[in-house]
Amino acid sequence: MKKSIKIATTVMTLLISTLLFSQENAFRIGVKIGFPNVVGGNIEYVTPLLGKKLAPSIEYSTLPLNIDPDELKFTYFQVGLNYYFFKEGKGLYGNVNYGILDGELTLNEVESNFDDNKVGTAFVNVSNKSIGLKLGAKLGKVLYFRPEIGYAFTSLDEVLKVNVKFPDGSSENQNETMPDILTKGYLVNIGFGFAF
């Protein structure tokens, strides 16, 4: 019981001191548009650590896309740390992050490699976990603009093995080539948001 009270007291003290000594407008909430997140939300908090230059951040996206005749549903989650190089919580920063991309792809009207009269459907699940580095800049105070570029060190495979199922109950394995933009590990986005 005494140990639980000590832990709770320590956590509360850290939270209160963090709030009291954090930067003005330390909370940021915004939207990012780019790759791999397409469009999603972003939250950042500038802590008093390292001269008010260290800020944890979280990004989340989920999106269904219909690209006739195919369908894609994906989610992207990223947790990271921003370090502002010159000013407290603004200007140029570096980011180290861990990202998880999960996708479900339905490919319709897939032709058989062996029979020109067969057309089927393939279901593909893609999951990619990566560590990434980004360079960005937060420009503005209350309303801000944030461009970022970077690289994820584990990229998606260039060729996916898919199982195509046909209406007659038969199936065959095929290889689908992924677009280059999805397989190279590039991270590019532009963000807009509000600091408070």
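Remember, it's a predicted structure, so these values are computed and weren't measured experimentally.

### Examining the side chain of Gln 174
Move 1: The topology assignment puts Gln 174 in strand S9 (residues 171–177).
Move 2: Separated by 3.0 Å, the side chain of Gln 174 and the backbone oxygen of Glu 111 make a polar contact.
Move 3: One polar contact links Gln 174 to Glu 172, side chain to side chain, over a distance of 2.8 Å.
Move 4: In this view, Gln 174 contacts Val 110, Glu 111, Ser 112, Asn 113, Leu 160, Lys 161, Val 162 and Val 164; residues no more than four positions away in its chain are not counted.

### Some words on the nonpolar core
For soluble globular proteins, nonpolar side chains are generally found buried alongside one another.
Move 1: With 15 residues, the main nonpolar core has Val 124, Leu 160, Val 162 and Val 164 as its most contacted residues.
Move 2: At the level of secondary structure, the elements contributing two or more residues to this core comprise strand S4 (70–84), strand S5 (91–111), strand S6 (119–138) and strand S8 (159–165).

### Considering the packing of aromatic side chains
Move 1: Evaluation of the coordinates by the stated rule reveals nine aromatic pairs.
Move 2: Each member of the aromatic cluster is reached from another via a ring pair, and the members are Phe 27, Tyr 45, Phe 194 and Phe 196.

### Remarks on the side chain of Lys 138
Move 1: Along the polypeptide, Lys 138 turns up in strand S6.
Move 2: Salt bridges are absent for the buried Lys 138, whose nearest opposite-charge side chain, Glu 44, sits at 6.7 Å.
Move 3: Engagement of the side chain of Lys 138 in a polar contact is seen with the backbone oxygen of Lys 141, the distance being 3.4 Å.
Move 4: Ignoring sequence-local partners within four residues, the contact set of Lys 138 consists of Arg 28, Tyr 84, Gly 89, Lys 90, Gly 91, Tyr 93, Tyr 144, Phe 145 and Arg 146.

### As for the pairing of S5
The two faces of the sheet receive side chains in turn, since in a regular strand these alternate between them.
Move 1: Direction of pairing for S4 relative to S5: antiparallel, over a ladder of 14 bridges. Bridging across to S5, Asn 82 finds its partner in Asn 95.
Move 2: Counted between consecutive antiparallel strands, the loop separating S4 from S5 contains six residues, among which Gly 89 sits at a positive phi close to 65°.
Move 3: Looking at chain direction, S5 and S6 are connected through 19 bridges and run antiparallel. For Glu 104, the partnering residue across the bridge sits in S6 and is Asn 125.

Basis of the calculations
Residues numbered from 1 in each chain as written. Predicted model: local features only at pLDDT ≥ 70, side-chain atom pairs only at ≥ 80, totals over all residues. Heavy atoms only, no water. Helix = DSSP H or I, 4+ residues; strand = E, 2+ residues; numbered from the N terminus. Polar contact = N/O pair within 3.5 Å; in protein donor to acceptor, adjacent residues only side chain to side chain. Contact = heavy atoms within 4.5 Å. Core = buried A, V, L, I, M, F, W, Y, C linked by side-chain atoms within 4.5 Å. Buried < 20%, exposed > 50% of the residue type's maximum accessible area, 1.4 Å probe, protein only. Phe/Tyr/Trp six-rings, centres within 6.5 Å; stacked < 30°, edge-to-face > 60°. Lys, Arg positive; Asp, Glu negative; His and termini not counted. Salt bridge = Lys/Arg side-chain N within 4 Å of Asp/Glu carboxyl O. Pairing = 2+ DSSP bridges.

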